[in-house]
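Chain by chain, the residues:
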Amino acid sequence: VSSAPSDQAGHRLAHRLVRALSAAHTVEAAAEAVLREVAQTLDSPLGALWLLDEQSGLLRWEHDWATDAGLDQLRRVGPRLAFAPGVGLIGGVLETLEPAWVEDIATDPEFPRAEVALSVGLRSVVAAPLVSPDGMRGVIEFFGRHAHEPTTAEMRDVTMAGRQLAAHLGRLGVEERLRASEESSASIAHAALDCIITMDQSGRVLDFNRAAEEAFGYERSAAIGELLADLIIPPQFRESHRRALAAYVRDRRPTILGKRLELLGLRADGSTFPVELTVTRLGSREPPVFAGFLRDISDRRELEGEQSRLLRDAMLARAEAEAAQVRADDAREEAERARADAERARERAAFLAQAGRDMAESMDWEGTLETIVRSAVPAVADWCSLTVAEPNGRLRVVALAHRDPEREKLAWEFVERYPLDPDAGSGAAKAIRTGALEVIADISPDTIRAAAQDPEHLRLLQNLNVRHTLVAPLKTPAGVIGALSFVLGDSGRRFAPDDIQLIGSLSARAALHIQNARLYTERSHIARTLQASLRPRALPAIPGAEVAARFLPAGDQNEVGGDFYDAFLSGDGVWTAIVGDVSGKGAEAAALTALARHTLRAASMLHDDPAVNLALLNRAILRDSQTRDFCTVLYVRLCPGEAGIDVRFSNGGHPAPLLLRNDGTVEAIESGRGPLVGALPGARFEEGKLRLQPGELLLMYTDGVTEIRTSDLGLGERVLRSTLSAHAGASAETVVAAVERNAVELQAGAPRDDIALLAIRACDAGTGADGTVGA
Amino acid sequence: VSVDWRKARIAKNEASFRDINERLEQGLRQVRDLPDALQFVCECGDRECRALISLSIGEYRAVRRDSRRFAVVPGHAIPDAERVVQGNERYEVVEKIGGAVEIADSSDQRAPGPRGRRSDEAAP
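This section reports on the structure supplied with the text. (Residues numbered from 1 in each chain as written. Chains lettered and ligands numbered in written order. Predicted model: local features only at pLDDT ≥ 70, side-chain atom pairs only at ≥ 80, totals over all residues. Heavy atoms only, no water.)

1. As for the overall build of chain A
Logical step 1: The helix and strand inventory of chain A stands at 21 helices and 27 strands.
Logical step 2: With 775 residues in all, chain A has 46% of them scored as buried.
Logical step 3: For chain A, the exposed surface amounts to about 37,300 Å²; the carbon and sulfur share of it is 52%. (Helix = DSSP H or I, 4+ residues; strand = E, 2+ residues; numbered from the N terminus. Buried < 20%, exposed > 50% of the residue type's maximum accessible area, 1.4 Å probe, protein only. Areas by Shrake-Rupley, 256 points an atom, 1.4 Å probe, with all protein chains shown as cover.)

The structure is reproduced here in C-alpha cells:
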C-alpha cells in the first residue's frame with residue numbers, strides 16, 4: 001500500500017463494490033468481489049476474509065484473493081488458523097470492532113503469520129471489521145509489499161468495504177435462511193398427511209402436495225396451473241367459491257379465510273368425498289397467494305354417521321319403549337275401568353236383587369214402602385222418600401229414610417209441616433203428574449232461599465243440605481201411583497248415569513211391589529173375611545160336654561176353602577158337630593164349603609139320621625153344576641145324657657175319629673164309614689154309634705194333622721195317638737192345643753195342609769161345660 | 001259428560017304419543033347429519049298399534065303447528081273421533097273433532113294452557 005485514494009476514488013470504489021455485490025449471490029462471490037476491488041484499489045497483492053464462527057466465537061479463514069501464485073504459501077496457512085478475540089491483528093479487530101494495521105510485519109512480535117508473510121515478500125497489513133446492524137460478522141485484511149502506515153483514505157476504503165460486505169453477507173444470510181426455510185416448508189408440505197394446495201388470486205393451482213395427489217387423483221404436474229374450482233370443487237359449489245375468492249381479491253373481504261369449513265371434494269374420477277377445508281393467505285406478498293389445507297374426513301364422517309345412526313336408534317328405541325308404556329298404562333286403565341264397571345254392575349245387580357228380596361219378604365203394604373226407601377239409603381242416596389198419590393188426589397209421603405237418624409227426623413218434620421202441592425212445578429208432584437224422571441243438580445243456596453216458603457221452611461231446607469235431587473215416578477199399568485225421591489247432599493256425591501239407570505230399575509221394581517202389595521193386602525182382607533164366614537163365630541155350649549176346636553190354614557192367607565168344621569144346636573137336646581175337607585182351594589172350594597156347611601145345618605134340623613143327611617149333601621153337591629169338587633165329611637149327632645153322650649155318626653170318606661178313653665187308650669172309630677161326599681151319584685152312607693163315657697173324648701180331625709211329608713207314612717198317626725194318650729183326662733181345650741202344637745212341630749212349623757180339630761169330651765160326673773171355646 | 005270415555009281415551013293416547021314424539025324430535029335436534037326421513041311413533045289412538053311413521057323434520061314440525069293434529073300411519077284414523085286433513089303414502093294427518101279437541105289442546109306442550117295452537121294462526 002503506497003498511496004491513499006482520494007475521496008473521488010473512494011466514491012468510485014463504493015460504486016464498484018455495489019455493482020459487484022449486486023451480482024454476488026453467494027458468500028464466496030461476494031468475498032471474491034470485495035477482496036478483488038479493494039485489493040486493486042489499495043494495490044494490495046493479497047486480501048482475505050475471516051468469518052466469525054458463532055458457535056466457537058473464533059475467526060476462521062473463509063476466502064482470499066491474490067494477485068499471483070507466489071503468495072500461495074501464506075494462503076495455505078490461513079485455513080489452518082483460527083483467532084480468538086484479542087489474538088493478533090485479526091483477533092484485535094474482533095475484540096475492538098475497529099480497523100487496525102501492522103506497519104511492519106518484520107518488527108511486530110504479535111503477528112502470528114509473520115514468518116510466512118515475510119517469506120513471500122509481504123511487510124504490512126491493514127484489517128477492518130465486518131460490522132452490520134445484526135452484529136459482528138468477520139474481518140477483512142489486505143497485505144502490502146512495503147512496510148508503511150495506511151493512509152486515512154486507505155483506512156476509509158477498507159472500513160467502507162467491511163461495512164458493505166457485512167451488510168451484503170447479512171442479506172445473503174437472510175436469503176439463505178429464507179431459501180432453506182422455503183425448502184423445508186416445501187418438504188413439510190409434500191410430506192404432510194393433509195392436502196395442501198396453494199393457488200394464486202385467479203384461483204389457479206400453484207402447488208399440489210402428495211396428499212392432495214392421493215386424495216384427488218391428480219398428478220402434481222397436471223394440477224399446477226389449473227383452476228382450483230374446476231379441479232377439486234363439485235360443480236354446485238364452484239360459483240360460491242369464485243365469489244368468495246373475488247370478494248377477497250376485490251376488497252380484501254375474508255369470506256372464508258381462516259374458517260374451518262366442511263364441504264365435498266371432487267376426485268378426478270368424478271366421485272365426491274367429505275373434506276374439511278381451511279384457507280389462509282400466505283404472507284403479505286402481492287398479489288396474494290392462498291393455501292388451502294384439506295383433510296379427507298370420510299372416515300370421520302362415516303364414524304359420525306354411525307354414531308348419529310346409533311343415537312337415533314337409541315332415541316327411537318326409547319320412544320318405542322315409552323309408547324309401549326303408554327299402551328300398557330292404557331290397557332291397565334281400561335281393564336281397571338272394565339273391572340270397576342263390572343263391579344258396579346255387580347253391585348247394582350246385587351243391590352237390585354237384595355232390594356227385590358227385601359221387598360218380596362213381605363207383602364205388607366206399609367212394610368214394602370219402608371223396605372223400598374231403606375234399601376236405597378245410603379247405597380243410592382243420602383236420603384230417600386216415597387210419595388203416593390191418594391185416591392182423593394192428595395200426595396202423601398208414606399216412607400222416608402235418611403243415612404243420619406237425626407236428619408231423618410228432620411226430614412219427617414219437613415214433609416209433615418210442608419205437605420206437597422199436587423200442582424208443584426217440580427219434584428214428586430211433577431213426576432207423578434207427568435210420569436217423567438226429573439234430575440236437578442247443583443242446587444245453589446240462592447235457589448234454596450228462593451224456593452223457601454218461610455223462614456222455618458228455609459231453615460229445614462238448609463239443615464237437610466239438599467244439593468242434588470232425582471225424582472222417579474212409580475209407574476204401573478194402571479198409571480203413576482207415586483214417586484221415589486232421592487237426595488244427595490251430605491255425602492258430596494253426584495248422580496252418575498249409572499245411578500240414574502239404577503234408580504230407574506229400582507223404581508220399576510218398587511212400583512211393581514207396591515202395586516202387588518196393595519192388591520195382596522186387599523185380597524188378604526177379602527180372603528180373611530170369607531174364611532171367617534166359613535167357620536162358626538163361636539162354638540156352642542153343650543150341657544155335659546166340653547167342645548174345643550182349632551183351625552190352622554196352610555200356606556197363603558189369600559187362599560180360602562179347604563178344611564172346615566161346625567158345631568151347632570140342631571134340635572131339642574141334640575147338637576151336631578161336623579168336620580170336613582173340601583178338595584182344592586180358592587173361590588170354588590169356598591163355595592163348596594159354604595154349600596156343605598149350610599146344607600148340613602139345614603138337613604140336621606130335618607133329619608136325625610146322619611147317613612141320610614150325608615146322602616142329602618151328596619145329592620146337593622152333584623146337582624150343583626158350578627162345581628166338580630167333592631169333600632169328606634164326618635157328621636156327628638150328639639145327645640148328652642146323665643151317663644155320657646150318645647153319639648150317632650156317619651163318615652163320608654173322612655179320617656176315622658179317635659176315641660180317647662180315660663185309661664189313655666186311643667181307639668179309631670172305623671164304623672159308619674162311607675164314600676166321599678159329592679163324588680158318586682147314589683152313594684150310600686152308613687151310620688155308627690157309640691157312647692162317650694164321662695171323661696172320654698172324641699177327636700174329629702182332618703188329614704192335615706197326620707199327613708206328613710216323610711217316608712214314614714204312619715208317623716203322623718202315631719204321634720197323634722201318643723199325644724192323645726198322654727192327655728187322657730185332660731180338658732178338650734188342652735187336648736186340641738197339644739195336638740195342634742205337635743202336628744205343627746212335626747211339620748217344621750209349616751203344615752202343608754189345613755188343620756182342623758174338633759174335640760168333644762163328655763164331662764165328668766158332677767161337672768158340665770157352660771161356655772164355648774173359640775177356634 | 002263432554003266426551004265419552006272411549007273418545008277421551010283415544011285423544012289421551014294420541015296426546016301421549018305426541019309427547020313421546022316431541023321428546024324424540026328434541027333429541028334429534030342434537031344429532032348431526034340427520035337423514036331426510038326420520039322415524040316417529042304413530043300417533044294413532046289404537047292401543048295395539050306399534051307402527052312407525054317416516055317424516056322429515058319439516059313435515060313433523062308442520063303437523064305440530066296445530067294442537068288438534070296428529071300424524072298416523074295411513075288408514076289408522078278413527079273416523080268418529082277425528083278426520084283426515086292431509087296425507088301421502090307415508091303418513092296421514094288427522095285432526096281431532098268434537099269434545100276430544102279440548103283434550104288435544106290442553107295437552108299440547110307447545111301451547112301451554114287450555115287453548116291450543118291452530119295452523120292458520122301466525123307463528124309467535
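Resuming the write-up.
2. A closer look at the sheet that holds strand 26 (residues 697-701) of chain A
Residues and elements named next belong to chain A.
Logical step 1: As summarised here, the arrangement of the five strands in space is 17-27-26-22-23, forming an open sheet in which the pairing is antiparallel. Taken across any chain shown, the strands that pair with only one partner, and hence form the sheet edges, are strand 17 (545-552) and strand 23 (666-668). Each strand of the sheet is rotated relative to its neighbour by a mean of 20 degrees, with strand direction disregarded.
Logical step 2: Pairing geometry for strand 26 and strand 27 (residues 755-762), over five bridges, is antiparallel. Considered in strand 27, the bridge of Leu699 is made with Ala759.
Logical step 3: Helix 21 (residues 732-746) rests against strand 17, strand 26 and strand 27 of the sheet, and its axis sits at about 25 degrees to strand 17. (Pairing = 2+ DSSP bridges. Axes fitted to C-alpha atoms, helices over the stretch in contact; angles between N-to-C directions. Contact = heavy atoms within 4.5 Å.)

3. Observations regarding the side chain of A:Arg327
Logical step 1: Structurally, A:Arg327 can be placed in helix 11 (residues 298-361).
Logical step 2: The side chain of A:Arg327 sits in the buried core without any salt bridge; A:Glu320 is the nearest counter-charge, 6.6 Å away. (Lys, Arg positive; Asp, Glu negative; His and termini not counted. Salt bridge = Lys/Arg side-chain N within 4 Å of Asp/Glu carboxyl O.)

4. Concerning the sheet that holds strand 16 (residues 479-488) of chain A
Residue and element names in this part refer to chain A.
Logical step 1: Taken together, five strands build an open sheet; the order of strands is 13-12-16-15-14 and the sheet is antiparallel. Of all strands in the sheet, those bounded by a partner on one side alone are strand 13 (395-402) and strand 14 (438-440). Taking each pair of neighbouring strands and ignoring which way they run, the sheet shows an average axis angle of 15 degrees.
Logical step 2: Strands strand 12 (383-389) and strand 13 of the sheet are contacted by helix 13 (residues 405-417), whose axis makes an angle of about 170 degrees with strand 13.
Logical step 3: In the packing of helix 17 (residues 497-533) onto the sheet, contacts are made with strand 12, strand 14, strand 15 (468-476) and strand 16, and the angle to strand 15 comes to roughly 40 degrees.

5. Considerations on the packing of aromatic side chains
Residues and elements named next belong to chain A.
Logical step 1: Applying the stated criterion across every chain, the model contains eight aromatic pairs over all chains.
Logical step 2: Plain terms: the ring middles of Phe111 and Phe143 are 6.2 Å apart, the flat faces sit at 80 degrees to each other, and that makes the pair edge-to-face. With Phe111 in the loop between strand 4 (100-102) and helix 5 (114-119) and Phe143 in strand 6 (residues 135-144), this residue pair connects regions lying 32 residues apart in the sequence. Grouping residues by exposure puts Phe111 and Phe143 together as buried.
Logical step 3: A network of ring pairs unites the aromatic residues Phe208, Phe216, Tyr218 and Phe273 as a single cluster. (Phe/Tyr/Trp six-rings, centres within 6.5 Å; stacked < 30°, edge-to-face > 60°.)

6. Details of the nonpolar core
Logical step 1: Core analysis: the largest hydrophobic core is formed by 31 residues, its most contacted members being A:Leu386, A:Leu474, A:Leu484, A:Phe486 and A:Leu506.
Logical step 2: If you tally residues by element for this core, the top one is helix 17 of chain A, at six residues.
Logical step 3: Residue contacts for A:Leu386: discarding those within four places in its chain leaves A:Leu369, A:Ile372, A:Val373, A:Arg396, A:Val397, A:Val398, A:Ala399, A:Leu474, A:Ala483, A:Leu484 and A:Ile514.
Logical step 4: Counting residues in each nonpolar core, the second largest holds 29 residues, with A:Val326, B:Ile20, B:Cys44 and B:Ala71 among its members. (Core = buried A, V, L, I, M, F, W, Y, C linked by side-chain atoms within 4.5 Å.)

7. Quick notes on the packing of helix 1 (residues 7-22) of chain A against helix 2 (residues 27-42) of chain A
Residue and element names in this part refer to chain A.
Logical step 1: Contact pair helix 1 / helix 2: the axes reach a minimum separation of 9 Å and the direction vectors enclose 160 degrees. Classed by the angle they form, the pair helix 1 and helix 2 counts as roughly antiparallel. Considering only the axes of helix 1 and helix 2, their crossing is right-handed. Seen from helix 1, the contacting residues are Leu13, Arg16, Leu17, Ala20 and Leu21; seen from helix 2, they are Ala30, Ala33, Val34, Glu37, Val38 and Thr41. (Parallel < 35°, antiparallel > 145°, perpendicular 65-115°, else oblique. Left-handed = near helix turned anticlockwise from the far one by under 90°.)

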